[in-house]
Amino acid sequence: EAFGEMLTSLHRSRQALRARYEDLVNSIDGIVWEADARTVAFSFVSRQAERLLGYPISRWVTEPTFWQDHIHPEDRVWVLPFCAAATAEKRPHEFEYRMIAADGRVVWVRDIVSVIVAGDQPVRLRGVMVDVTERKQAEAALEEREGQYRSIFDAATDGLLIRDMEGVIVEVNPAYCRM
C-alpha cells in the first residue's frame, strides 16, 4: 500500500514537472523545436509556431519536409546547404531567413541551432526561431532612406563635403570634386 502511494506521488510529481516544462517552453516568444539531424524532420515544436506562422503543430511533426517546404524559395537555396554543412561539422549555428506563413505573409526568423552529438555523429538539432520581421523591416526602411539621402547628396549642384567629429573629410559629392 505504501509502495502504491509512493508510485502515485511520483507519477503526480512527473506530471506537474512536465506541465511546468511545457508552460515554460510555450511561454518563450519564439518557436522552440527539435529535429532529426540527418533528415531535419521535426519531432517537437512549441505552440508559438501556430501563433507566429499559422500552421498547426501537427503539420510540423507529421510532414517530414514541412520546414524546408515553407522556407522562402529565394532563401531555400542557401539555408538548406548552410544548415547541412554546420550540422555535418557538429557546430552550433545562427542564421536569418524568411518563411512563408499560412496566410502568405513573409516572416523573417533568426534560427539559433544546437547540434546534439552522440558517438561522434550529429543526431539531433535543437533550436529557437525568433521573429525578427520588425527589425528587418526597420533596416530596409533605413537603407531606403539612406539611399534617398545619397541620391540628393550626389545630385546636388553645390559642392558638399562631410566631416567626422575630428574635422577629417570623410566624403565629398561629385560637384565638390568638379570644383
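The structure under discussion appears in the preceding block.
Residues numbered from 1 in each chain as written. Predicted model: local features only at pLDDT ≥ 70, side-chain atom pairs only at ≥ 80, totals over all residues. Heavy atoms only, no water.

Peer 1: Can you help me understand empty space enclosed by the protein in this one?
Peer 2: In this approach the atoms are scanned with a rolling probe the size of a water molecule, which exposes any empty space left behind. Scanning the model with the defined rule gives one cavity of 30 Å³ or more in all. In this model, the largest cavity occupies a volume close to 30 Å³. In this structure, the largest cavity is lined by Trp33, Val40, Phe42, Trp67, Cys83, Asp111 and Met129. Its residues assigned to classes, the lining of the largest cavity shows six nonpolar, no polar and one charged. (1 Å grid on protein atoms, 1.4 Å probe; cavity = no way out; pocket = protein on both sides within 12 Å on 5 of 7 lines; lining within 4 Å. Points joined across faces, edges and corners; volume = space filled by probe spheres on them. Nonpolar A, V, L, I, M, F, W, Y, C, P; charged D, E, K, R; others polar.)

Peer 1: Help me understand the nonpolar core in this model?
Peer 2: Within soluble globular proteins, side chains that are nonpolar generally end up buried alongside one another. Core analysis: the largest hydrophobic core is formed by 28 residues, its most contacted members being Phe42, Leu53, Trp60, Trp67, Tyr97 and Met129. Per element, the largest residue contribution to this core is four residues, and it comes from strand β4 (residues 106-118). The contact partners of Phe42, leaving out residues within four places of it in the chain, are Trp33, Glu34, Ala35, Trp60, Val61, Trp67 and Met129. (Core = buried A, V, L, I, M, F, W, Y, C linked by side-chain atoms within 4.5 Å. Buried < 20%, exposed > 50% of the residue type's maximum accessible area, 1.4 Å probe, protein only. Helix = DSSP H or I, 4+ residues; strand = E, 2+ residues; numbered from the N terminus. Contact = heavy atoms within 4.5 Å.)

Peer 1: It is not clear to me how the sheet that holds β4 should be interpreted in this structure. Could you clarify?
Peer 2: Sheet strands pair by backbone hydrogen bonding; their relative direction is either parallel or antiparallel. On the basis of which strands lie adjacent, the open sheet formed by five strands has the order β2-β1-β5-β4-β3 and antiparallel pairing. The outermost strands of the open sheet, each flanked by one partner alone, are β2 (42-45) and β3 (93-100). Averaged over all pairs of adjacent strands, the angle between strand axes in this sheet comes to 25 degrees, irrespective of strand direction. Examined bridge by bridge, β3 and β4 share eight bridges and lie antiparallel to one another. Paired with Ile100 across the strands is Val106, a residue of β4. Seen against the sheet, helix α5 (residues 73-88) touches β3, β4 and β5 (121-131) and runs at an angle of roughly 150 degrees to β3. Each of β3, β4 and β5 is contacted by helix α6 (residues 133-155), which is oriented at about 125 degrees to β4, the strand it contacts most. (Pairing = 2+ DSSP bridges. Axes fitted to C-alpha atoms, helices over the stretch in contact; angles between N-to-C directions.)

Peer 1: What should I look at first to understand the packing of aromatic side chains in this one?
Peer 2: In this description, an aromatic ring pair is defined by two values, namely the gap between the centres and the angle between the planes. Per the stated rule, a full pass over the model turns up 10 aromatic pairs. Relative to Phe82, the ring of Trp78 lies with its centre 6.2 Å away and its plane at 65 degrees, an arrangement referred to as edge-to-face. With a gap of four residues between them, Trp78 and Phe82 both fall in helix α5, about one helical turn apart. Judged by relative accessible area, Trp78 falls into the partly exposed class, the value being 35%. (Phe/Tyr/Trp six-rings, centres within 6.5 Å; stacked < 30°, edge-to-face > 60°.)

Peer 1: Would you take a moment to explain α5 for this structure?
Peer 2: Helical periodicity: at 3.6 residues per turn, an α-helix aligns residues three or four positions apart in one direction. An ideal rise of 1.5 Å per residue puts 22 Å on 16 residues; α5 measures up with 23 Å between its terminal C-alpha atoms. Roughly 25 degrees is the biggest bend found in α5, and it falls at Val79, with proline Pro81 one to four residues downstream. Elements that come into contact with the buried residues of α5 comprise α4 (66-70), β3, β4 and β5. Following α5 by one or two positions, Lys90 has its phi on the positive side, about 60 degrees. (Expected span 1.5 Å × (residues − 1). Bend = angle between axes of the 7 residues up to and from the residue.)

Peer 1: Would you mind showing me how to read the pattern of salt bridges here?
Peer 2: Side chains bearing opposite charge may pair, as long as their charged atoms lie close to each other. Counted by the stated rule, this structure contains 13 salt bridges. Close ionic contact of Glu34 with Arg126 constitutes a salt bridge, the shortest N to O distance being 2.5 Å. Taken together, the residues Glu34 in strand β1 (residues 31-36) and Arg126 in strand β5 connect sequence positions 92 residues apart. We classify Arg126 as partly exposed; its relative accessible area is 41%. The salt bridge involving Glu74 is made with Arg98; its shortest N-O contact spans 3.3 Å. Here the residue Glu74 occupies a position in helix α5, and Arg98 occupies one in strand β3, the gap between them amounting to 24 residues. Taken together, the shared-partner salt bridges connect Glu94, Glu96, Arg110, Arg135, Lys136 and Glu139 into one network. (Salt bridge = Lys/Arg side-chain N within 4 Å of Asp/Glu carboxyl O.)

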